[in-house]
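Below are the chains, spelled out letter by letter.
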Amino acid sequence: MTDFQCGSYRLPRGRPCVMGILNVTPDSFSDGGHHAGTDQAVAHAEQMILEGADIVDVGGESTRPGALPVSVVEEISRVVPVVRALVRKNIPVSVDTRHRDVMDAVLQEGASMINDIQALQEPGALSLLAGYEAAICLMHMQGEPGTMQRNPLYGDVVSEVWAFLHARARIAEQSGIGRSRILLDPGFGFGKTLDHNLALLRTLETGTRGDYPVLVGMSRKSFLGHLTGQGTGDRLVPSVAAALVAVSRGVWMLRVHDVAPTCQALKIWQAVNGGTDS
Ligand code: YH5
């Protein structure tokens, strides 16, 4: 199995990898000024790397249902200082954005991955990525963040989600983005009911048996609360349980808030299921 290409980094395909979530929205870190926020964000990223994260995912736009829209200029001013500092510290950086101009700014700073909940559908995004070596995570979403959870409808959610992702991957390859740097993500919670999320989780092999590595993000999401009764701040155990279900069904990368507990769980999984190398 060849390694996954992530800018100048190579991540091993022979074991599950972990992406640590770093939100840089104003509510995430204290607003003791612009630099204080950046310093705290960088410290949190370094902590996640020490805990075993393979890459850090920096996000400056909240895409939770009901969140207020952010201008591209504002999003760039939130993420660029953090991306710049992490690149300087040789930490592999992903940026969670759907906007071409944000991608342009962070790729120039040396970001190693773009994580796009809109699967490069914004005009100019495909050709921009083709000019870099950065990896791209193509995610499925039905609707728009503000309204996507109102009444999501599918004929067959599993086949529709994976057909969309394979179509986007094909377009990405035709645009000059090599297969060894494309990841697919079914987009848990993005225009999906509890039943849709469960159907996708139950049948993850539909995606993981294909030609591309699969990333999932279920950490702390509402559907885990609906299944357990746990509130937003109390979903660590459900999140780790869901992560293990996912890797057992062939998922390669996990996007998580709680890096240390996830990596501990993965050590058990890897001791049983992995080789002795990696
Ligand atoms: C994802 O799945 N998700 S942002 C609501 C929560 C907790 C967490 C109500 N970006 C994904 O993390 N990128 C986000 O509790 C993502 N895959 C990829 N590739 C939403 C989020 C969250 C929302």
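Residues numbered from 1 in each chain as written. Predicted model: local features only at pLDDT ≥ 70, side-chain atom pairs only at ≥ 80, totals over all residues. Heavy atoms only, no water.

## Considering the overall build of the protein chain
Selection criterion: Only DSSP runs of H or I with at least four residues qualify as helices, and only runs of E with at least two residues qualify as strands; both kinds are numbered from the N terminus onward. Atoms counted for the radius of gyration: C-alpha only. Globule rule: 2.2 Å times residue count to the power 0.38. The cut-offs for exposure are 20% and 50% of the maximum accessible area for each residue type, with area from a 1.4 Å probe on protein chains only; residues under the lower value are buried, those over the upper are exposed, and the others partly exposed. The criterion used for residue contact is that any of the two residues' heavy atoms lie within 4.5 Å. Only the protein chains shown count as cover for residues, and all accessible areas are computed by the Shrake-Rupley method using a 1.4 Å probe. Under the counting rule used here, the positive set is Lys and Arg, the negative set is Asp and Glu, and His together with the chain ends is not counted. Where a charge sits is defined by one atom per residue type, namely NZ (Lys), CZ (Arg), CG (Asp) or CD (Glu).
Looking only at helices and strands, the protein chain has ten helices and ten strands in total. Over its C-alpha atoms the protein chain spans a radius of gyration of 17 Å, differing by no more than 12% from the 19 Å that the globule rule assigns to 278 residues. The burial tally for the protein chain puts 52% of its 278 residues in the buried class. A sequence separation of at least 24 residues applies to 68% of the contacts in the protein chain between residues at least 6 apart. Only carbon and sulfur atoms are counted for the fraction: they give 51% of the accessible area of the protein chain, which is about 12300 Å². Both charge centroids of the protein chain, one from 24 positive and one from 29 negative side chains, sit 3 Å from each other.

## Topic: the site of the ligand
To keep things clear, this is the line we draw: The near set for a molecule or strand comprises every residue that places at least one heavy atom within 4 Å of it. Within 3.5 Å is the distance limit for a polar contact, defined as a pair of N or O atoms, with the added protein rule that one can donate a hydrogen and the other accept it, and that residues adjacent in sequence qualify only through two side-chain atoms. Amino acids are sorted into nonpolar (Ala, Val, Leu, Ile, Met, Phe, Trp, Tyr, Cys and Pro), charged (Asp, Glu, Lys and Arg) and polar (every other residue, Gly among them).
Looking at the ligand, there are 17 residues lining it, with Asp96, Asn115, Asp185, Lys221 and Arg255 nearest. Within the contact set of the ligand, a nitrogen atom lies 2.6 Å away from a side-chain nitrogen or oxygen of aspartate 185. Within the contact set of the ligand, an oxygen atom lies 3.2 Å away from a backbone nitrogen or oxygen of glycine 217. In isolation the ligand offers 520 Å² of accessible surface; the protein chains occlude 90% of this area. Taken together, the residues that form the shell around the ligand break down as four nonpolar, six polar and seven charged.

## Quick notes on the packing of aromatic side chains
This is how the line gets drawn: Two rings from Phe, Tyr or Trp (for Trp, the six-membered ring) form a pair when their centres sit within 6.5 Å of each other. Planes less than 30 degrees apart are called stacked, planes more than 60 degrees apart edge-to-face, and all others tilted. Ring-over charges, as used throughout, are those where CZ of Arg or NZ of Lys falls within 6 Å of the ring centre and within 35 degrees of the ring normal.
Inspection of every chain in the model, using the stated rule, returns two aromatic pairs. The cationic tip of arginine 13 hangs over the ring face of tryptophan 252; the distance from NZ or CZ to the ring centre is 5.8 Å.

## Notes on helix H9 (residues 236-248)
Put simply, the rule reads: Multiplying 1.5 Å by the helix residue count minus one yields the expected span of that helix.
Between its first and last C-alpha atoms H9 spans 18 Å; for 13 residues at 1.5 Å apiece the expected length is 18 Å, and the two agree. Among all positions in H9, only Pro238, Ser239, Val240, Ala242, Ala243, Ala246 and Val247 are buried. Where the residues of H9 are buried, they touch strand S9 (215-216), helix H8 (222-228), strand S10 (253-256) and helix H10 (259-273). Count one or two residues on from H9 and you reach glycine 250, which has phi positive near 100 degrees.

## Quick word on unusual backbone geometry
Positioned with a positive phi, asparagine 90 is a non-glycine residue whose angle comes to about 60 degrees. Secondary-structure assignment places asparagine 90 in the loop between helix H2 (72-88) and strand S5 (93-96). Asparagine 90 gets classed as exposed once you look at its relative accessible area, which sits at 59%.

## Describing the confidence of the model for the protein chain
The cut-off we apply is this: A residue's pLDDT is the predictor's confidence in that residue, given on a scale from 0 to 100.
Predicted confidence across the protein chain gives a mean pLDDT of 95, with 97% of residues reaching 70 or more. Across the protein chain, the secondary-structure element scoring lowest on mean pLDDT is helix H1 (residues 34-50), at 93, and the one scoring highest is S9, at 99.

## A look at the pattern of salt bridges
Going by this rule: When a carboxyl oxygen of Asp or Glu is within 4 Å of a side-chain nitrogen of Lys or Arg, the pair counts as a salt bridge.
Summed over all chains, the structure comprises 13 salt bridges. In this structure, the salt-bridge partner of glutamate 46 is lysine 89, at a minimum N-O distance of 3.4 Å. With a gap of 43 residues between them, glutamate 46 in helix H1 and lysine 89 in the loop between H2 and S5 connect regions that are remote in the sequence. Using a relative accessible area of 32% as the deciding quantity, one classes glutamate 46 as partly exposed.

## Points about the packing of helix H5 (residues 157-174) against helix H6 (residues 194-202)
Spelled out, the test is: Interaxial angle, 0 to 180 degrees, is taken between N-to-C directions of lines fitted to C-alpha atoms, where a helix line uses only the stretch in contact. To sort the angles, those under 35 degrees are grouped as roughly parallel, those over 145 as roughly antiparallel, those from 65 to 115 as roughly perpendicular, and the leftovers as oblique. Left-handed describes a crossing whose near helix is turned anticlockwise from the far helix through less than a right angle; right-handed describes the clockwise counterpart.
Where H5 meets H6, the closest approach of the two axes is 9 Å, and the angle between their N-to-C directions is 70 degrees. Of the possible angle classes, the one that applies to H5 and H6 is roughly perpendicular. In terms of crossing hand, the pair formed by H5 and H6 is right-handed. Taken together, the residues of H6 that come into contact with H5 (itself represented by Val157, Val158, Val161 and Trp162) are His196, Ala199 and Leu200. Per-class residue counts for the contact of H5 with H6 are six nonpolar, one polar and no charged.

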